[in-house]
Amino acid sequence: MTDQEVKPEDEIETTGHEWDGIKEYNNPLPRWWLNIFYITIVWSIGYWVFMPAIPYWAPGGWTYTEGIRELSQRNKVAGQIAEVTAERAAHRDEVANLSLSQIRDSEELYQIALAGGASSFRDNCAGCHGSGAQGFTGFPNLNDDDWIWGGKLSDIEFTIRHGIRWEDDPDTRYNEMPRYLADEFISREEVYQVTEYVLSLSGLDHDAEEAEKGKTIFANECATCHADDGAGMQEMGAPNLTDSIWLYGSDREDVFETIAYARNGVMPAWQNRLDEGTIKELALYVHSLGGGEE
């Protein structure tokens, strides 16, 4: 074992600081540490020259040096976004020029359209239908197989394009349910009787005696749109009243209010807001959610 030479204490240089018998020695830093430190100084000078780094005041506000090679992460990200945008634009043009069935027949293009539709749905439709298209009271759930105006691809595209009861579009889907009590078409008692009959159609708790009276009123006032059996008619935008899906609620009070005062919700027409490719992507995406009809 090699003996190490230790300098006497009186030969070790100190900073002159001493407290409670403890002296602060002035030992030099290791050479490797100093070399790394000098390298970082040289590297930082090079970074200042090549990369945006030094802020300074200029007319109009604070700015910064751009570096002689303009190696900016912001410029890099902007370039990447531009590339993706250009690529998406090319695919969207292709989608716009093909029919919905042609897009579905191309697996690659179909997957691209679904991805674009999902993104556009979040931007334009999720505010009403929810981020998962689950819907809310008054806003249909697009995941189930209950379609008021039809669930075929062509039906969905038409609804997206022209909306529902949208005044600015002459081709909008349009049909209004009468406000039976508000406009005095039938009495409050008769509205109550029809309510009981409608509840009975879907097997909900109801007053059988009153429902029997409401059956005749339903046949005279409601069957034209909802059909004699209450199964609804998509061409009229009349919901199926025999299932367990209720857009505005299935409580007795909710059904009574719907019959008495109507609902007649509105959906925007998107054909003047979105391009052709986006509308088709949205139609394909909504149809793919699980409830689309063939």
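So, a few notes on the structure that sits alongside this text. Small disclaimer: the values here were computed from a predicted structure and weren't measured. (Residues numbered from 1 in each chain as written. Predicted model: local features only at pLDDT ≥ 70, side-chain atom pairs only at ≥ 80, totals over all residues. Heavy atoms only, no water.)

### A look at the packing of aromatic side chains
Two aromatic rings are characterised by how far apart their centres lie and by the angle between their planes.
Right, so step 1: Summed over the entire model, instances satisfying the criterion amount to 7 aromatic pairs.
Right, so step 2: Centroid distance Trp43 to Tyr47: 5.3 Å. Interplanar angle 35°. Geometry classified as tilted. Placement of both Trp43 and Tyr47 in helix H1 (residues 31-50) is noted, with a separation of 4 residues, approximately one turn of the helix.
Right, so step 3: When the centroid spacing of 6.1 Å and the interplanar angle of 70° are considered together, the rings of Tyr180 and Phe185 count as edge-to-face. (Phe/Tyr/Trp six-rings, centres within 6.5 Å; stacked < 30°, edge-to-face > 60°. Helix = DSSP H or I, 4+ residues; strand = E, 2+ residues; numbered from the N terminus.)

### Notes on the packing of helix H7 (residues 188-201) against helix H8 (residues 208-221)
Right, so step 1: Contact geometry for H7 and H8: axes closest at 7 Å, N-to-C directions at 100°. Judged by the angle between their axes, H7 and H8 are roughly perpendicular. Contacts from Glu189, Glu190, Tyr192, Gln193, Val194, Glu196, Tyr197, Val198, Ser200 and Leu201 in H7 reach Glu210, Ala211, Lys213, Gly214, Lys215, Ile217 and Phe218 in H8.
Right, so step 2: Looking at the contact of H7 with H8 residue by residue, the class counts come to 8 nonpolar, 3 polar and 6 charged. (Axes fitted to C-alpha atoms, helices over the stretch in contact; angles between N-to-C directions. Parallel < 35°, antiparallel > 145°, perpendicular 65-115°, else oblique. Contact = heavy atoms within 4.5 Å. Nonpolar A, V, L, I, M, F, W, Y, C, P; charged D, E, K, R; others polar.)

### Let's talk about the side chain of Gln193
Right, so step 1: For Gln193, the position within the fold is in helix H7.
Right, so step 2: Since its relative accessible area comes to 10%, Gln193 is described here as buried.
Right, so step 3: Filtering out sequence-adjacent residues up to four positions away, Gln193 remains in contact with Glu210, Ala211, Lys213, Gly214 and Ile217. (Buried < 20%, exposed > 50% of the residue type's maximum accessible area, 1.4 Å probe, protein only.)

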